[in-house]
Amino acid sequence: MTDGAILLQQVINGLSLGAMYALLAIGFTMVYGILELINFAHFNVFMIGSFLGLWALEALGLSGQSRVLTGLELFGALAFAFAVAMLGSGLLGVAIERIALRPLRGIPGTTGMITTIGVSYILFNIILLGAGAESKNYPNPMPRLQWNISGAVVDLREVLIWAITLALMVGLQLFVSRTRLGKAMRATAQDSEAARMMGVDVDRVIVAAFFLGSALAGAAALIFGLYYNYTSFLIGYSAGLRAFTAAVLGGIGSVPGAMVGGVIIGLIETLGGQLIAVRWTDVIIFSILVLVLVFAPTGLFGRAAPTKS
Amino acid sequence: MMTTRRALVVHLPAAALAGSVLSRMTFAADKSVTIGINVPLTGSDAEAATQIKDGAMMAVDEVNGMVAGYKINIMVLDDGTTTAGQYDPAQAATNARKMVADPSVVAAIGPEMSGSGKAMAPILSQGNLATITPSSTNPDITDPKFAAQFRPMGKAIYFRTVTTDAYQGPNMANYLVQTLKVKKVYILDDGGAYGVGMADAFEAQAKKNGIEVLGHDQLDPREANYTTILTKIKGLSPDGLYYGGTSLAGIKLVKQSRDILPNINKAGGDGVYSAALLKGAGHPAMDGWYGTIAAPYIAGNPEVAPWIKTFNEKYGIGPSGYSFTAYDAMLVVFDAIKRLAAEGKPVNRDNMRDAIHTANVKTLQGTVSFDENGDIKDRTVSVFHYEYNEKYPVDDLIHQYKYLGVAPSTS
């Protein structure tokens, strides 16, 4: 392979990674935008989402890489798995909000954030004890279809990842900009007190934010499983931390920022690994986190946090 | 003799002193010893660790827990933690202290992993407690160069029923060049003591053999995405890939390398010859991989067939290469107890260490004896090739891996 083809291949890899990070980053950013709370449980909602997808595929009789589906069957299997992973993760997010965070609402300081760390550990240990520690062999029902673009290889899986991510992003953007609930969300993010006075049901908005963010994490998790044919109870942290960095880079609180941030982090990971060294990519990514926090805390698309009255 | 519990408590010391009815009970209580088994039963190494523990327990069950009049108590310790997701050297050190603190522990089996071994060895040396590892192959732990670090008290306490990566890595480098005709290789490790040692030893010998080493990089076992490094490797067009490490990184490497580097020779050590890897990666991702173990190929010996059958029936899974060496390690411990008992010496830690060091025991793999550092004298490394056989369970090591022969040793 030529150097150009390798670079192109890394861009393709980076876009796939970036799509996953972006979907995951949206969950951080939506909750932060509305509650000004960093939800560390999101890491392991993502991890559980991948297990929900795994169980859904296994319930359809798919295991290992032995069976390949095509056409309508493939579409049906994937639609079912996405529905289970997204709905399950979304409901889990809502449950976390209802059980662990709502009772603490209004308490100032870091109480809520620390609670989410606790919840994260609970989820982590539930899967560790319930599903076991070994790495799981994720089914891949997709046929091996590959296209050659000037030396680089694009897999059907990658095309599907991009298409699904794009569709979810466009859907989310339409939801936030066009629907009543979306409008209420934006209003709450700007100033929850004023929104409440204007008759916005803030509780409903918060539930919606948790549901949507967690459901997208579920989608990201299923994509993760299909892409790597692997999941384990450990996957939440490294993906979650990068997605969090993506959210900060894009401007925490900003949905388009999370999307762009995710893709940038994905590209930095692969191109940095190619051009510098793979063992330095973590250093590069987390240096970006620190630099953004120090010099441009609003990120690429963020706005300064509204002053609380 | 009818007696209430309270009465028994009151009368017990007197009765024992009198040496009458209860003499047998006190006899049994005096003559019992504890053997520690330290393996990572939590995390991604759990399956391999269980196979090792079961191998050792086969030996205990065969003698019904009695050796030369001593009742054998087994203390199982887990050095895997959820925070590490696999073996955890910090937990291994805690376990080593626990064994040293308990005077009834006279010898130990384990650890499985070299990273744990490095943490345990200095503590075991302080307590003069001998351990026999059935699988940890990092050469530093027994190397006299590092004696100040790993055996500060001087005497060998870390014995092995497998050989070390000083042979496992280099012998595979010889195999790659002599049999597979590999010319350009890329090396990966998982950053653990075992993986790094193995990959470094391989690299040194590969260079001596005239193989061009295109690079040597490290995989983070808690990371999921290896496509970046594998794409980078693809750009260098190697015809061989060598991996030093355990299954946590190994599973992801095997899967992702199948898509990115489908047609090159891929090889690893005993970390690749693992049931967890077969289960997590399996067919077709594993197709074409080569693995080794730092011991002779025991499962091929027809005399061992009944042993394998019993193991299968008892534990519902086939033995791993290191189930055999764990059994062998327990036989060495039992032999030491027998010899001490025959000579009338007390079965304590100091005597056990000396007796183990002078072992000459017939085991499944042949005669086990140790050199002055505690390493096994037999230095056979066996090579295997993954060839999927649908008639057997996916994680059945003996049937999914085909034995190819002994890796050629250097000189």
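It should be emphasised that the depicted structure is a prediction, and the values quoted were computed from it without experimental measurement.

J.: I'd like a rundown of the overall build of chain B, residues and numbers included.
T.: The helix and strand inventory of chain B stands at 16 helices and 15 strands. Its C-alpha atoms give chain B principal-axis dimensions of roughly 80 × 45 × 40 Å. For chain B, buried positions account for 58% of its 411 residues.

J.: Explain the sheet that holds strand β6 (residues 158–160) of chain B to me, and be specific about the residues and the numbers.
T.: Residue and element names in this part refer to chain B. Pairing in this open sheet of six strands is mixed, and the strands run β2-β3-β1-β4-β5-β6 from one edge to the other. Looking at the sheet topology across the chains shown, the edges are occupied by β2 (66–67) and β6. Here three bridges tie strand β5 (residues 131–133) to β6, and the two strands are oriented parallel to one another. The residue bridging T133 from the neighbouring strand is R160, located in β6. Packing of helix α3 (residues 46–62) onto the sheet brings it into contact with β1 (32–39), β3 (70–78) and β4 (105–109), and relative to β1 it is tilted by some 160°. Lying on the sheet, helix α15 (residues 349–357) is in contact with β4, β5 and β6; it crosses β4 at an angle near 40°.

J.: Outline unusual backbone geometry, listing residues and values.
T.: Residue and element names in this part refer to chain B. With an omega dihedral of -5°, the bond running from G110 to P111 counts as a cis peptide bond. Tracing the backbone shows P111 in the loop between β4 and α5 (114–127). At N64, a residue that is not glycine, the phi angle is positive and equals roughly 55°. Checked against the element boundaries, N64 lands in the loop between α3 and β2. With 9 C-beta atoms packed within 10 Å, N64 lands in the exposed category. Not every positive phi belongs to a glycine, and A68 is a case in point at roughly 50°. With respect to the secondary-structure elements, A68 resides in the loop between β2 and β3. For A68, a count of 15 C-beta atoms within 10 Å gives the class partly exposed.

J.: Residue-level account of the environment of P296 of chain B, with values.
T.: Position of P296 of chain B among the secondary structure elements: in the loop between β11 (289–293) and α13 (305–315). Taking the C-alpha atoms as reference, P296 of chain B lies 8.9 Å from G321 of chain B; in sequence the two are 25 residues apart.

J.: Run through the domain arrangement of chain B, naming residues and quoting values.
T.: Quite often, the size of an interface is put as the accessible area lost when its parts meet. Residues and elements named next belong to chain B. Each assigned domain of chain B is listed with its residue range as follows: domain 1 (31–163 + 306–368) and domain 2 (165–293 + 381–406). Taken over C-alpha atoms, the centre of domain 1 sits 27 Å from the centre of domain 2. Across the contact, 21 residues belong to domain 1 and 22 residues belong to domain 2. Secondary structure elements with two or more residues in the side of domain 1 that touches domain 2: α3 and α5.

J.: How would you summarise the pairing of strand β3 (residues 152–155) of chain A if you had to cite specific residues and measurements?
T.: Residue and element names in this part refer to chain A. Strand direction decides the pairing type here: strand β2 (residues 146–149) and β3, joined by four bridges, are antiparallel. Opposite N148, over in β3, you have V153 as the bridge partner. Linking β2 back to β3 in an antiparallel pair, the connection comprises two residues, with S150 at a positive phi of about 35°.

J.: Please provide a residue-by-residue account of the sheet that holds strand β15 (residues 401–406) of chain B, values included.
T.: Residues and elements named next belong to chain B. Pairing within the open sheet is mixed, and its seven strands lie in the order β8-β7-β9-β10-β11-β14-β15. At either margin of the open sheet sits one strand with a lone partner, and together these are β8 (212–218) and β15. Pairwise comparison of adjacent strand axes, ignoring direction, gives a mean angle of 25° for this sheet. Alignment of strand β14 (residues 382–386) against β15, held across five bridges, turns out to be antiparallel. Residue Y386 lies in a different strand from β15, and its bridge partner there is Y401. Against the sheet, helix α7 (residues 165–178) engages β7 (184–189), β9 (240–244), β10 (265–268), β11 and β14, with an angle of about 160° to β10.

J.: So what's going on with helix α1 (residues 3–35) of chain A? Residues and values would help.
T.: Residues and elements named next belong to chain A. Given a rise of 1.5 Å per residue, 33 residues ought to cover 48 Å, and the 46 Å separating the end C-alpha atoms of α1 matches this to within 8%. For α1, the tally of buried residues reaches 25 of 33 residues, placing the bulk of the element in the interior. Two residues or fewer past α1, E36 is found with a positive phi of approximately 50°.

J.: Now, about α3 of chain B: what can you tell me, with residues and values included?
T.: All names here are of chain B. The terminal C-alpha atoms of α3, which comprises 17 residues, lie 24 Å apart, in line with the 24 Å expected from a rise of 1.5 Å per residue. The element α3 is extensively covered by neighbouring structure, given that 14 of its 17 residues are classed as buried. Positioned one or two residues after α3, N64 has a phi angle of 55°, which is positive.

What counts, and where the lines are drawn
Residues numbered from 1 in each chain as written. Chains lettered and ligands numbered in written order. Predicted model: local features only at pLDDT ≥ 70, side-chain atom pairs only at ≥ 80, totals over all residues. Helix = DSSP H or I, 4+ residues; strand = E, 2+ residues; numbered from the N terminus. Buried ≥ 20, exposed ≤ 12 C-beta atoms within 10 Å, placed from the backbone. Pairing = 2+ DSSP bridges. Contact = placed C-beta atoms within 7 Å. Axes fitted to C-alpha atoms, helices over the stretch in contact; angles between N-to-C directions. Domains from an automatic or database assignment. Expected span 1.5 Å × (residues − 1).

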